[in-house]
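Letter by letter, the chains look like this.
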Amino acid sequence: KKLAIYYTGFAQYQIADFEQATNWFERAAEQSDDGIWRVGSYYNLGRSLEAEGRYAAAAALYRQDKSVQRPMSILRAAKLSERAGLAAANAPAE
């Protein structure tokens, strides 16, 4: 079931229905145990939020990343913060 939810989000993203992709990836993230599916769900949730133009929400999500991809997520969050017009000083300390 978890995989079906994740891949439904992925399918929605691929057809550019970003609002639905966001909804499915939120569900996938909530239902996933720690691990690769949870990391993937949050990453793709962030990408969906970006595609919806919700840059601040995506940046906040990327800043919460505790996975091995955290350094890249922090860089992406900084770029999105600039795009959203947020001050870099508002980023949480590492």
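Owing to the predicted nature of the structure, the values given are computational and were not obtained by experimental measurement.

Here we come to the confidence of the model for the protein. Low pLDDT marks stretches whose predicted atomic positions should not be read closely. Per-residue confidence for the protein averages 88 on the pLDDT scale, and 90% of its residues sit at or above 70. When mean pLDDT is taken per element in the protein, helix H2 (residues 18-31) scores highest with 95 and helix H5 (residues 70-84) scores lowest with 91.

Moving on: the pattern of salt bridges. The final tally for this structure, using the stated rule, is two salt bridges. Note that Glu-50 is salt-bridged to Arg-76, the shortest N-O span being 2.8 Å. Linking Glu-50 in helix H3 (residues 36-51) with Arg-76 in helix H5, this pair joins segments that are 26 residues apart in sequence. A salt bridge links Glu-52 to Arg-54, with the shortest nitrogen-to-oxygen separation between them at 3.7 Å.

In terms of nonpolar packing, the biggest core is built from 13 residues, with Phe-25, Leu-45, Leu-49, Ala-58, Tyr-62 and Leu-80 touching the most fellow members. Counting residues per element, the ones that place at least two in this core are helix H1 (2-14), H2, H3, helix H4 (55-63) and H5. Top element by residues in this core is H4. It accounts for four residues. What Phe-25 contacts, discounting residues up to four positions off in sequence, is Tyr-6, Gly-9, Phe-10, Tyr-13, Ser-41, Asn-44, Leu-45 and Ser-48.

Quick notes on the rules
- Residues numbered from 1 in each chain as written.
- Predicted model: local features only at pLDDT ≥ 70, side-chain atom pairs only at ≥ 80, totals over all residues.
- Heavy atoms only, no water.
- pLDDT = per-residue confidence, 0-100.
- Helix = DSSP H or I, 4+ residues; strand = E, 2+ residues; numbered from the N terminus.
- Salt bridge = Lys/Arg side-chain N within 4 Å of Asp/Glu carboxyl O.
- Core = buried A, V, L, I, M, F, W, Y, C linked by side-chain atoms within 4.5 Å.
- Buried < 20%, exposed > 50% of the residue type's maximum accessible area, 1.4 Å probe, protein only.
- Contact = heavy atoms within 4.5 Å.

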